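Per-entry structural report
Read off the chains here:
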Amino acid sequence: MMKKILLCLCLLTGSMAIKAQCGASNNAIKPGESLSYELKFNWKFIWFNVGWAKMTINEDTYNTQPCLRTDLLSYTNKRFDRWFKMRDTLTCITSQRLEPLYFRKGAEEGKRYTVDEVRFGYRNGKCIVDQQRTLRGNTVKKHDEMDVCVYDMLSILLQARSYDPTDYKVGMKILFSMATGKAVEKQTLIYRGKENFTSENGTTYRCLVFSLVEYVDNKEKEVITFFVTDDLNHLPVRLDMYLNFGSAKAFLTDIKGNRHPLTSIVKE
């Protein structure tokens, strides 16, 4: 489930040629930002709380260079642990221009524990991607040299939040490349338009709506629908996930340190 939650955060961007550089202007985020989410699961028409997630962004150093560090923690509560336990810890290091440098995901999901690591480099007009996955003491490594920019689950979110979606048309497909820990995969998003969303505390946001889709036997299958604030922050406020064993939702419950005013709020 957490993989789908993370993928849904990867929005508003397309594949970029390496010659155009893999950095971007940071127009949406400032160090000290903190976002909290509540996770809910549907079982036989009943929705119940299953856990929480929290993402923080702070200044740090990497190889003696100033950078941004993003941490995402996701936990299921004790009640849901009996059915499916999840303890995920993700760390992403980017340059101040939001170029991906390092990514790590430690994931305890059910009885399975994996560690994914990705190191990024840039040489001779190519994006160098070294990644590895460790499972049950066995480590599998993968090396790629790509002609397009490659991101991880969190660095793509950081860059995407600064992009301007003004010219997006309903039905527009957006492609990007992402390192998963074992491979570089193409992801597809479809822009659905604008819609208002009212949170449980009564706040109504004007949102951009996107869908993450998969293609099975050339047929489009919706994986996630998500709502992003239609303002300069581009904060994901709601995620609807369609899982093999049911459906789940994630709701933004607390915002701290946002860089811009939340002009997407229609009603408080």
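Below is a short write-up of the structure.

Rules used throughout
Residues numbered from 1 in each chain as written. Predicted model: local features only at pLDDT ≥ 70, side-chain atom pairs only at ≥ 80, totals over all residues. Heavy atoms only, no water. Helix = DSSP H or I, 4+ residues; strand = E, 2+ residues; numbered from the N terminus. Core = buried A, V, L, I, M, F, W, Y, C linked by side-chain atoms within 4.5 Å. Buried < 20%, exposed > 50% of the residue type's maximum accessible area, 1.4 Å probe, protein only. Contact = heavy atoms within 4.5 Å. Phe/Tyr/Trp six-rings, centres within 6.5 Å; stacked < 30°, edge-to-face > 60°. Lys NZ or Arg CZ within 6 Å of the ring centre and 35° of its normal. Disulfide = S-S within 2.5 Å.

**Things to note about unusual backbone geometry**
Although it is not a glycine, Thr64 sits at a positive phi angle of roughly 70°. Its location among the elements puts Thr64 in the loop between β2 (46-62) and β3 (65-76). Not every positive phi belongs to a glycine, and His234 is a case in point at roughly 50°.

**What about the nonpolar core?**
Phe103, Val129, Leu154, Phe197, Phe210 and Phe226 are the most contacted members of the largest nonpolar core, which has 53 residues in total. In terms of residue count, the dominant contributor to this core is strand β11 (residues 204-216) (six residues). For Phe197, the contacting residues outside a window of four places in its chain are Thr203, Thr204, Tyr205, Cys207, Phe227, Val237, Arg238 and Phe251. Core analysis: the second largest hydrophobic core is formed by six residues, Ala28, Ile29, Leu68 and Leu98 among them.

**Comments concerning the packing of aromatic side chains**
As enumerated under the stated definition, the model contains 13 aromatic pairs in all. Ring-pair connections join several aromatic residues into one group, and the members of that group are Phe41, Phe48, Phe80 and Trp83. Lying across the ring of Phe48, Arg79 places its NZ or CZ 5.1 Å from the centre.

**Focus on the state of the cysteines**
The full count for this structure, using the stated rule, is one disulfide. In this model, Cys22 is linked to Cys149 through a disulfide, with the two sulfur atoms separated by 2.1 Å. Here the S-S torsion is close to -95°, and the disulfide linking Cys22 with Cys149 is therefore left-handed. Linking Cys22 in the loop between α1 (2-8) and β1 (34-43) with Cys149 in the loop between β8 (138-146) and α3 (155-160), this pair joins segments that are 127 residues apart in sequence. Each member of the pair, Cys22 as well as Cys149, carries the same accessibility label: buried. Of all cysteine sulfurs in the structure, the one in Cys22 sits closest to Cys127, which takes part in no disulfide; the separation is 5.0 Å. The class for Cys127 is buried, based on a relative accessible area of 0%.

In short, the description is geometric, and any link to function would need to be established separately.
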